[in-house]
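Here's the letter readout for the chains.
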Amino acid sequence: MNDQQRVLLIIGGGIAAYKCLDLIRRLRDAGIAVRVILTKAGAEFVTPLSVASLAGDKVYGDLFSLTDESEMGHIRLSREASLVVMAPATADLIAKLANGLANDLASTALLATDKPVIVAPAMNARMWLHPATQRNVATLKGDGVTVIEPGAGALACGETGPGRMAEPDAILSVILDRLADAPRPLAGRHALVTAGPTWEAIDPVRYIANRSSGKQGYAIAEALARLGARTTLISGPTALDAPAGVERVCVESARDMLAATEAALPADVAVCVAAVSDWRAAVGGGQKLKKNGAPPSLELTENPDILTTLSRHNRQRPALVVGFAAETERVIAYAQDKLARKGCDWIVANDVSHDTGVMGGERNTVHLVTAEGVEDWPTASKSEVAARLATRIAGVFARKP
Ligand code: CTP
């Protein structure tokens, strides 16, 4: 990491501001210079003196301070940075940036910058979920801003839900990714990823599900986004937070997943990682089944196949459609059969048999099956498999107009 790299950190007003002190320390440990704009509200939570001591630089606060304007105007402040990070990003700061308002140093610097912008929101769960905030966040993403989605949990206001600012480690890793001048070969492309299990209702309280954790699909969505793709992740129920820079759509059933997937078209590439339930109850929903003597017999009916639907889409087939195959025997033969039957371009086959620990685990051993042949990849972490697959996908698009 070279010494020239500098982050302009805008600290908004929120209890999570204290986490920025740790973030500044970690950034400096990584050899990155930090210059801080502390908003008026931010200064209610952390003092300019503690920020300045950690940053080793003066702290900027007031747009109309003549000294600041002559020494370092908002234009220079934002241009001299390699990237701009807003953390915690309050609902107010997000709304300002989404709407182009500029009435203080923070908002002016954000509009004036020509560098990548990363925002780490933190707020009350209701404020985060409010349609106005969600609309503003979607606008920011559309403008190319990287949004590090807040996590769920106990909030400082006493409520629980989504709204906790990402931890300094997670913010640092997104910053390092962006600072590394990583090539972004998928910029301008739209990637669609399905992940996780589906839940198929038997009645209002019971459902059919499976053991998929969603980890591999989430890692792939994250890797595609890191290479610059606008990435939509259609996710069944999982315990995972949305990866940084990815737009997540949460669904439950296979039919919802199909509808969300089709609604997200057109896409350049689709990667179907979800463990979609093959069947659902023929008569689901209604009232809760009661114990009336003998156990009920459950009639099942087949779910739509999302991978096949995308592969055979006659108007909006993505240029590259990738499926997964979880097999316990004859892995390659079954994967090749799936490739032909479903009409996709590649199948990533993984062996989920014996002690592989793939389902729910951290590592994976996969084979890339295409019309050209089979590649055996070495066992690796799910994020390494994801990074390799994303790079292969980028290779396809490097040759396409
Ligand atoms: N898939 C899908 N929609 C379904 C079922 C599967 O999109 N309703 C996708 C998965 O996301 C995966 C691929 O199809 O990419 C393989 O899924 P799998 O369940 O293994 O395939 P099946 O055709 O069900 O084969 P089998 O059950 O015989 O193994």
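Everything that follows concerns the structure shown earlier in this document.
Residues numbered from 1 in each chain as written. Predicted model: local features only at pLDDT ≥ 70, side-chain atom pairs only at ≥ 80, totals over all residues. Heavy atoms only, no water.

### A look at the sheet that holds strand β13 (residues 246-250)
Stated precisely, the cut-off is as follows: Strands are treated as partners if at least two bridges between them are detected by DSSP. In DSSP terms, a helix is any run of H or I states spanning at least four residues, a strand is any run of E spanning at least two, and both are numbered starting from the N terminus. Fitted lines through C-alpha atoms serve as axes, helices being fitted only where they are in contact, and the angles separating the N-to-C directions of these axes extend from 0 to 180 degrees.
Sheet architecture is open: eight strands sit in the order β13-β12-β9-β14-β17-β18-β20-β21, paired in mixed fashion. The two strands at the open ends of the sheet, each matched to only one other strand, are β13 and β21 (373-376). Each strand axis lies, on average, 20° off the axis of its neighbour in the sheet, ignoring direction. Bridging between strand β20 (residues 366-370) and β21 involves four bridges; their strand directions are antiparallel. Note that in β21 the partner of Val369 across the bridge is Val374.

### Details of the nonpolar core
What counts here: Among the buried residues, those of types Ala, Val, Leu, Ile, Met, Phe, Trp, Tyr and Cys that are joined through side-chain atoms within 4.5 Å form a nonpolar core. A simple rule labels every residue: compare its accessible area, found with a 1.4 Å probe on the protein chains alone, to the largest value its type can have, and call it buried under 20%, exposed over 50%, or partly exposed in between. The contact criterion used throughout is that any non-hydrogen atoms of two residues lie within 4.5 Å.
Formed by 35 residues in total, the largest nonpolar core has its most connected members in Ile220, Leu224, Val271, Leu389 and Ile393. Looking at this core, the elements with two or more residues in it are β9 (190-195), α10 (215-226), β14 (269-272), β17 (320-327), β18 (346-351), β20 and α14 (382-398). No other element matches the eight residues that α14 contributes to this core. For Ile220, the contacting residues outside a window of four places in its chain are Val193, Val271, Val273, Phe324, Ala386 and Leu389. In this structure, Leu83, Ala122, Leu172 and Ala244 belong to the second largest nonpolar core, which totals 32 residues.

### Describing the site of the ligand
Applied cut-off: By convention in this text, a residue qualifies as near a molecule or strand provided that one of its non-hydrogen atoms is within 4 Å of it. Within 3.5 Å is the distance limit for a polar contact, defined as a pair of N or O atoms, with the added protein rule that one can donate a hydrogen and the other accept it, and that residues adjacent in sequence qualify only through two side-chain atoms. Detection works on a 1 Å grid of protein atoms alone, calling trapped sets that fit a 1.4 Å probe cavities and calling open sets with protein on both sides within 12 Å along at least five of seven lines pockets, with lining residues defined by an atom within 4 Å of a point. Any molecule with more than half of its atoms within 2 Å of a cavity's or pocket's grid points is regarded as sitting in that cavity or pocket. For this classification, the nonpolar set comprises Ala, Val, Leu, Ile, Met, Phe, Trp, Tyr, Cys and Pro, the charged set comprises Asp, Glu, Lys and Arg, and every other residue, Gly included, is treated as polar.
Taken together, 13 residues lie around the ligand, and Cys272, Ala274, Leu307, Phe324 and Lys338 are the ones closest in. Take Cys272: an N or O atom from its main chain is 2.7 Å from an oxygen atom of the ligand. One nitrogen or oxygen atom from the main chain of Phe324 is found 2.8 Å from an oxygen atom belonging to the ligand. Counting atoms within 2 Å of the grid points, the majority share of the ligand lands in the largest pocket. Those elements giving two or more residues to the shell around the ligand turn out to be α12 (306-311), β17 and α13 (331-342). Among the residues forming the shell around the ligand, the class breakdown is seven nonpolar, one polar and five charged.

### Notes on the sheet that holds strand β4 (residues 83-89)
As summarised here, the arrangement of the six strands in space is β3-β2-β1-β4-β5-β6, forming an open sheet in which the pairing is parallel. Unpaired on one side and paired on the other, β3 (59-60) and β6 (146-147) mark the two borders of the sheet. Together, β1 (6-11), β4, β5 (117-121) and β6 form the strand contacts of helix α9 (residues 168-179), whose direction differs from that of β4 by roughly 165°.

### Things to note about the packing of helix α1 (residues 17-29) against helix α2 (residues 48-55)
This is how the line gets drawn: Put simply, angles under 35 degrees are roughly parallel, angles over 145 are roughly antiparallel, angles from 65 to 115 are roughly perpendicular, and the rest are oblique. For any helix crossing, the convention is left-handed if the near helix is rotated counterclockwise from the far helix by under a right angle, and right-handed if that rotation is clockwise.
Where α1 meets α2, the axes come as close as 9 Å, and the angle between the chain directions of the two elements is 15°. Between α1 and α2, the interaxial angle falls into the category roughly parallel. Seen from above, α1 lies across α2 with right-handed handedness. Between α1, through Leu21, Ile24, Arg25 and Arg28, and α2, the contact on the second element is made entirely by Ser50, Val51, Ser53, Leu54 and Ala55.

### As for helix α6 (residues 105-112)
The buried fraction of α6 amounts to seven of the eight residues, a majority that puts the element mostly inside the structure. Those residues of α6 lying buried are Leu105, Ala106, Ser107, Thr108, Ala109, Leu110 and Ala112.

### What about a nonpolar patch on the surface?
Applicable threshold: Distance thresholds for patches are 9 Å for like charges and 5 Å for nonpolar side chains (Val, Leu, Ile, Met, Phe, Trp, Tyr), applied to residues having over 30% relative accessible area and no salt bridge. For the accessible areas, the method is Shrake-Rupley and the probe is 1.4 Å, while residue cover comes only from the protein chains on display. Every case where a carboxyl oxygen of Asp or Glu lies within 4 Å of a side-chain nitrogen of Lys or Arg is listed as a salt bridge.
On the surface, a cluster of nonpolar side chains totalling about 330 Å² of accessible area is made up of Ile15, Tyr18 and Phe45. Counting through the fold element by element, Phe45 comes out in the loop between β2 (33-38) and α2. Taking relative accessible area as the criterion, Phe45 reaches 42% and is therefore assigned partly exposed.

### Examining α13
What sets the pattern is the α-helix's 3.6 residues per turn: residues three or four places apart point alike. Here is the rule we go by: A helix is expected to span 1.5 Å multiplied by its residue count minus one. This arc describes the spread of directions from the helix axis toward the C-beta atoms.
End to end, α13 covers 16 Å across twelve residues, agreeing with the expected 16 Å (1.5 Å per residue, within 8%). Buried residues of α13: Val331, Ala335, Lys338, Leu339 and Lys342, and no others. When α13 is viewed along its axis, its buried side chains cluster within an angular range of 105° and face the same direction. Buried residues along α13 sit in contact with α12, β17, β18 and β20. Remark: Gly343 follows α13 within two positions and exhibits a positive phi of approximately 80°.

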